[in-house]
Each structure stands twice: as structure tokens, then as C-alpha cells.
Amino acid sequence: MRTVREIQDEILRLKKEKNICILAHAYQSQEILEVADHVGDSFGLAQKAAKTDAPNVMMCGVRFMAETVKILSPEKNVYLANPTAGCPMAEMMDYDLLVQMKEDMPDYTVAAYINTTAELKTIVDVCVTSSSAVKIIRNIENDKILFVPDCNLGAWLAEQLPEKHIELVRGGCPTHLRMTKRDIDKARAMLPDGLLLVHPECHPTVVKEADFVGSTTEIMAYAEKSEHKSFIIGTENSIVEHLQFSCPDKTFIPLSKDCVCHNMKATTLVDVLNCVNGVGGEKIELDGDTIVKARRSIDEMLRLGQ
Ligand code: 13P
Ligand code: SF4
């Protein structure tokens, strides 16, 4: 049986030989992060994807992230390491419903969380990520915003930006919605001094209790830089593990043991090996029209999020 280390060494050798850039979302396992060229949140990965010179890019994350890479770099070969890794929230918003809403609300700018399909991105004005949303929505000239598909992130944005009128639709992340106020009470009983750091995809009743609200990498950066020694982490539980690796002198507990995204966890180190070997993964194909139209909303995100 091969060890994790041996598989990692083979991946590192093959990706160099074949000039493959590996991008990994922060929710991936530690053993995958160790073979990645770049690790980040959705916004950071989109920025890296726009800049990389490598002709081949592999995404260890979920489908909409690989599609974003393809939209930004259509000339590249883009692979999703595990083809079954989707994001349920990205599939939630119906294309025809949004077409209808745009017709009914012609004076609204449509902002979409980047967790959407490439098809949906073709009919939105601008994308945002959790780390860039406040800045981007603030920078939009129009003060009437239709925000899809995450009403929890949208509610948090509306609170940060009272000068904007933000209309929401019902939708959200099933993983982050598992965390409740009861989980907070239990975690605080266990770690009374712990600062509560949460992702804005959590329900507003959880977000309003937090000491800090931010994207996956913002949560990690906050905990790493803080003088504080103990933290309750309200996002996907891999972040708890990564923080334990980077700050062994601090204490981290998950807000809920159930906050596991099975889609993010679908990708294994062996999937990465098979993909660099050309016997696994999925090559992302999008038609030219979709790429051109979807790109406008991502370019607008990168421009307004500078
Ligand atoms: P980030 O923008 O924080 O990476 O979030 C992406 C995501 O899917 C969180 O659930
Ligand atoms: Fe999608 Fe939620 Fe998983 Fe993020 S954590 S990929 S939003 S299902």
C-alpha cells in the first residue's frame, strides 16, 4: 500500500512534468492543500486563475469554481478533479425565474453570488464572493440591487450596506444552514472564552452572534493574526483542522460537528493523482457564447473588487 507521502510525491512530479497548475479551495483536505500551487477562497482562486501561465489547470473544489476558471481562461485545459463535486446552492436558482424577475425589475442591478452555474452568470450584471461582496455592492452605482441566490449572505450584505436597497430570493447553503443558535450556546458552554468566527452563508440568527464574519480565508487570517487563544469556527469543519495545523498553540472547536460539505469533501488525493495521470477528473467544456456572456459578470467582479 502506498503512503500519502508517496502519492503526494508522484502528484508533484507529474504536475511539474505536465505543467499543471493545481488550485485548491480552503475546504479541501490538508493532504490536497499540500500539493496545490494556490489555496484560497473563491475570490482568491478566481484571481489566481486569471493570472496563471500554466496551460493546464486543475480545480480541487466544486464545479462552479472550475467553470469560473474556464470562463476566465478559455484557451486553457481546465479540469475538475472529482466530477461529482457540485454545489447545491449553485444549482438552486432557476434560469427562467431570473429572466422573469429581470423583466419585472428593470431598474435593478442583478448581483449573483459566484456559487451559480455558468449559464446563470450569462444573465447577471456582476458576481460577488463572500470576501468581495461588501466592496463590490458598495461600488455599484445603482442603489437598487437584486441579489441571488443566497438570502443569508444577502441579508448580511443588506445590514452592512444600509444605503442600498437589496432584494433577496430564497436560497442558501445547506451545509452552513445546519448551524443554529443552540449550537452557539453549546459551544460557548464548552469554550466560554472562544471568539465566534462565522461565514456569512450562516443563518442571520447565527451571524448576529458572531465576533467576526468573513470568507473562509478571512476567518483563517483573523484567527492566525489574533492575540486571542481560543475560537469557535462557524464554517466547514476543514477550516478547524487547517487552523490547528497552522496555530498549534491555539484552541479551535467547530460550531457544529455537522458542518461538513460532502461535495467539497468528495475530492480525494487519489482523484488528484488520477487527474494528473489523465485517467480521472473531468475536462470542463463550455460553449463560446456562454463563456463570452458569463465573463462580463466575472470581469466586473474582478474590476469592482480590486
Ligand atoms: P468562500 O468564498 O469563502 O471561499 O466560500 C465558498 C463557499 O462555497 C463557502 O461555502
Ligand atoms: Fe456549496 Fe455550501 Fe458546499 Fe460551499 S459549503 S460548496 S456553498 S454546499
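Residues numbered from 1 in each chain as written. Chains lettered and ligands numbered in written order. Predicted model: local features only at pLDDT ≥ 70, side-chain atom pairs only at ≥ 80, totals over all residues. Heavy atoms only, no water.

Peer 1: Residue-level account of the environment of arginine 182, with values.
Peer 2: As for its position among the elements, arginine 182 is in helix H9 (residues 181-190). On the accessibility criterion, arginine 182 (65% relative accessible area) is exposed. In sequence terms arginine 182 and leucine 255 are 73 residues apart; their C-alpha atoms lie 9.9 Å from each other. (Helix = DSSP H or I, 4+ residues; strand = E, 2+ residues; numbered from the N terminus. Buried < 20%, exposed > 50% of the residue type's maximum accessible area, 1.4 Å probe, protein only.)

Peer 1: Which residues make up the environment of cysteine 259, and what values go with them?
Peer 2: Examined against the element boundaries, cysteine 259 turns out to sit in the loop between strand S12 (251-254) and helix H13 (269-276). On a C-alpha basis, the gap between cysteine 259 and valine 148 in space is 23 Å, while along the polypeptide they are 111 residues apart. Ignoring any residue separated from it by four or fewer positions in sequence, one finds cysteine 259 in contact with Thr175, His176, Met179, Thr235, Glu236 and Asn237. (Contact = heavy atoms within 4.5 Å.)

Peer 1: An account of the site of ligand 1 is needed here, citing residue identities and associated values.
Peer 2: Every residue lining ligand 1 is accounted for by His25, Tyr27, Asp41, Ser42, Tyr113, Asn115, Ser130, His176, His199, Glu201, Ser215 and Thr216. Contact distances for ligand 1 include 2.6 Å between an oxygen atom and a side-chain N or O atom of histidine 25. Serine 130 places a side-chain nitrogen or oxygen 2.9 Å from an oxygen atom of ligand 1. Calculation on ligand 1 without its partners gives an accessible area of 300 Å², and the protein chains cover 96% of this total. A class-by-class count of the residues in the shell around ligand 1 yields two nonpolar, eight polar and two charged. (Near = heavy atom within 4 Å. Polar contact = N/O pair within 3.5 Å; in protein donor to acceptor, adjacent residues only side chain to side chain. Areas by Shrake-Rupley, 256 points an atom, 1.4 Å probe, with all protein chains shown as cover. Nonpolar A, V, L, I, M, F, W, Y, C, P; charged D, E, K, R; others polar.)

Peer 1: Can you tell me about the sheet that holds strand S10 (residues 212-213), naming the residues and giving the values?
Peer 2: With respect to topology, four strands assemble into an open sheet ordered S10-S9-S11-S12, the strand pairing being parallel. Edge strands, defined here as strands with exactly one partner in the open sheet, are S10 and S12. Pairing geometry for strand S9 (residues 195-198) and strand S11 (residues 230-234), over four bridges, is parallel. Residue pairing for S11: leucine 195 is matched across the bridge by phenylalanine 231. (Pairing = 2+ DSSP bridges.)

Peer 1: How would you sum up the pairing of S12? Please name residues and give values.
Peer 2: Of the strand pairs in this sheet, S11 and S12 are connected by four bridges, and their pairing is parallel. What sits directly across from phenylalanine 231, in S12, is phenylalanine 252. Since S11 and S12 lie parallel, the crossover through helix H12 (residues 238-246) that links them has a hand, and here it is right-handed. (Right-handed = clockwise from strand over helix to strand, strands pointing away.)

Peer 1: Would you mind going over the packing of aromatic side chains in detail, with residue names and values included?
Peer 2: On inspection of all chains with the given rule, the structure shows two aromatic pairs. Between phenylalanine 212 and tyrosine 222, the ring centres sit 4.3 Å apart and the planes meet at 20°, which makes this aromatic pair stacked. Of the two residues, phenylalanine 212 is situated in strand S10 and tyrosine 222 in helix H11 (residues 216-225); the sequence distance between them amounts to 10 residues. For tyrosine 222, a relative accessible area of 29% translates into the label partly exposed. Taking the centre distance of 5.4 Å and the plane angle of 15° together, the rings of phenylalanine 231 and phenylalanine 252 count as stacked. Linking phenylalanine 231 in strand S11 with phenylalanine 252 in strand S12, this pair joins segments that are 21 residues apart in sequence. (Phe/Tyr/Trp six-rings, centres within 6.5 Å; stacked < 30°, edge-to-face > 60°.)

Peer 1: Explain the nonpolar core residue by residue, including any values.
Peer 2: Grouped together as the largest cluster of nonpolar side chains are 91 residues, with contacts concentrated most on Leu98, Ile137, Leu146, Phe147, Leu157, Ile233 and Met301. It is helix H4 (residues 63-72) that provides the largest number of residues to this core, a total of six residues. In this structure, phenylalanine 147 is in contact with Ala111, Ala112, Tyr113, Val128, Ile137, Leu153, Gly154, Leu157, Ile166, Glu167, Leu168 and Val169, ignoring residues within four places of it in sequence. Core analysis: the next-biggest nonpolar cluster, separate from the first, contains 18 residues, Ile22, Ala36, Met58 and Leu273 among them. (Core = buried A, V, L, I, M, F, W, Y, C linked by side-chain atoms within 4.5 Å.)

Peer 1: Go over the packing of H11 against H12, please, and point to the residues and values.
Peer 2: Viewed as axis vectors pointing N to C, H11 and H12 meet at an angle of 35°, and their least axial separation amounts to 11 Å. Between H11 and H12 the crossing geometry is right-handed. Contacts between H11 and H12 pair Thr216, Ile219, Met220, Ala223 and Glu224 from the former with Ile239, His242, Leu243 and Ser246 from the latter. Classifying every residue of the contact of H11 with H12 by side-chain character gives five nonpolar, three polar and one charged. (Axes fitted to C-alpha atoms, helices over the stretch in contact; angles between N-to-C directions. Left-handed = near helix turned anticlockwise from the far one by under 90°.)

Peer 1: Can you tell me about unusual backbone geometry, naming the residues and giving the values?
Peer 2: The amide bond that connects valine 148 to the next residue, proline 149, takes the cis arrangement and shows omega of -10°. Mapped onto the secondary structure, proline 149 falls in the loop between strand S7 (144-148) and helix H8 (151-160). The backbone phi angle of asparagine 19 is positive, close to 55°, even though this residue is not glycine. Mapped onto the fold, asparagine 19 is located in the loop between helix H1 (4-17) and strand S1 (20-25).

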